[in-house]
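Structural overview for review
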Amino acid sequence: MRTTLDDGPHPAVESSEALHTLVTQLWQPADGTPTIRATLDRAPAGHRVVERYAIVPDPARARFLVPLTTRASAAASVGRYNGLRPLRTRAARTLLGLGFRSGLAPLLMRRTLVISAPGDLPDASLADHLLTAHLSGILGGPLAAGISVREPDPNLKPILQLFRPDGQPAGFAKIGWNEATRRLVTREARATAAVRHAVPARLPELVHHGSWRGREVVVTAPLPPGVRRHPDPDRPLDPRIPLSIAESTGISTMPLAESGYWRRLAAEAGGMAGETPAAIVAAMRRIEAVHGRTRVRFGRWHGDWTPWNLGWDGQDLWIWDWEHSTAEVPVGFDLLHWRFQVAVAMRDLPLDDGVEAVRAAARAELGEAGVPAGDRGLLAALYLLEMFVRTCRLEQGGRGWHSRVFPEAMLPILREMETMG
């Protein structure tokens, strides 16, 4: 689907659905009465420009918005944190950053997204209508934002890389714009505050959590400039690190069927319609009949423990993206999640390969989490149920699920669980 931006000076110019969706999420008010306008190239009559972004590569294929506030902030928005990116992407970003720092790139990328306000809107009122002005007030000085343009998805939230005019990083802002993403943003803020001083790693400091014009906003401090990606996805971190996360807000031990975790999972699966949720419920009934009295250790998990959600600055480990963290899941889930996500999300292997990776990790690694050998198959099944429920939730919300996981591929695995002894 293609659409046009606003009804500004160039209404005939096509822009991608992804760009249009981002504009709606960041610059259109929840009550539908626009004060701020987003148009291509020029501001409408009677409006003054308050922000301007280069659209990379162009409106129809938009992937990134580069702030044109200053050359330094533009260059920083594409070149900062290059150590977290693959080598090919890193080289392209470096060249693009040089182009913006020299002033050449904006001349070559002539299409811009123009954010404008009514000419008679006082500067003192701008923070009530413009997100970056609001954030500038919180962080104490002018800001520019580099913004990725992602395919429309009701489960994804805009993430703003914030920079000062001199290109120094000021933080990251995550914006919850609907019920699903507001919940994720709130969970991340709470988890970051809960575990920041309880794990042997560094977490970006929580700078701000609040509401603004129907959106939930979380700002965290910037990562260090030298942070680098984890070098080998086949070599996870020392298991004592995810286990410290599990212990960070307390450990409890109880029969599976009596746990809040099991009640929550059953309620969520039972509240969804469709063949796959029904198969999840059937598998859970069988597991409860056989293992309901099995005592399980529960604690917190990161919820998305993967190589791309952590990095190294020298000897310091940094961990981020806590939006899926919850405080009562079986201890050891993070260890299994790493293996599953590397197989399915990173390497795009079939679901059966991801399931086998989970089962192999349960046998080989859950001893480090104190799980008895006889219970490790149960923990693998519980983890897969957790991920299948998450996937169904995302699918029923509109998007955000991995095509290797949902829907038909789950069913044989769930039917196998129904025969668990």
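The structure presented is a predicted model; accordingly, all values stated were derived computationally and were not measured. (Residues numbered from 1 in each chain as written. Predicted model: local features only at pLDDT ≥ 70, side-chain atom pairs only at ≥ 80, totals over all residues. Heavy atoms only, no water.)

Here the structure, examined in full by the defined rule, presents 17 salt bridges. Salt-bridge contacts for Glu416 lead to Arg359; the nearest nitrogen and oxygen are separated by 3.3 Å. A residue pair is termed long-range when its members are at least 10 positions apart, and Glu416 in helix 13 (residues 410-417) and Arg359 in helix 11 (residues 351-365) qualify at 57 residues. Exposure remark for Glu416: the relative accessible area of 42% places this residue in the partly exposed category. Exposure remark for Arg359: the relative accessible area of 26% places this residue in the partly exposed category. (Salt bridge = Lys/Arg side-chain N within 4 Å of Asp/Glu carboxyl O. Helix = DSSP H or I, 4+ residues; strand = E, 2+ residues; numbered from the N terminus. Buried < 20%, exposed > 50% of the residue type's maximum accessible area, 1.4 Å probe, protein only.)

Bringing the packing of aromatic side chains into the picture now. Scanning the entire structure with this criterion turns up 9 aromatic pairs. Judged by centre distance (6.4 Å) and plane angle (55°), the rings of Trp305 and Trp338 are tilted. Of this pair, Trp305 sits in the loop between strand 14 (295-301) and strand 15 (310-313) while Trp338 sits in helix 10 (residues 333-346); the two residues are 33 residues apart in sequence, bridging distant segments of the chain. On the basis of relative accessible area, Trp305 is assigned to the buried category, the value being 2%. Using a relative accessible area of 0% as the deciding quantity, one classes Trp338 as buried. Centroid distance Phe333 to Tyr383: 5.7 Å. Interplanar angle 80°. Geometry classified as edge-to-face. A residue pair is termed long-range when its members are at least 10 positions apart, and Phe333 in helix 10 and Tyr383 in helix 12 (residues 376-397) qualify at 50 residues. Exposure remark for Phe333: the relative accessible area of 1% places this residue in the buried category. Within the aromatic cluster, the residues linked to one another by ring pairs are Tyr261, Trp262, Phe298, Trp301, Phe333, Phe340 and Tyr383. (Phe/Tyr/Trp six-rings, centres within 6.5 Å; stacked < 30°, edge-to-face > 60°.)

The element helix 7 (residues 240-247) is largely enclosed, with a buried count of 6 among its 8 residues. Taken together, the buried residues of helix 7 touch strand 14, strand 16 (316-319) and helix 10. (Contact = heavy atoms within 4.5 Å.)

Where burial is concerned, most of strand 8 (residues 159-163) is hidden: 4 out of the 5 residues are buried. Where strand 7 (residues 144-148) and strand 8 come together, 4 bridges link them in antiparallel fashion. Within the sheet, the bridge partner assigned to Ile147 lies in strand 8 and is Leu160. With 5 bridges connecting them, strand 8 and strand 9 (residues 169-176) associate as antiparallel partners. Across the sheet, Leu162 pairs through a bridge with Gly171, a residue of strand 9. Hairpin connection between strand 8 and strand 9: a loop of 5 residues separates the two successive antiparallel strands, and Gly167 in this loop has a positive phi of roughly 90°. (Pairing = 2+ DSSP bridges.)

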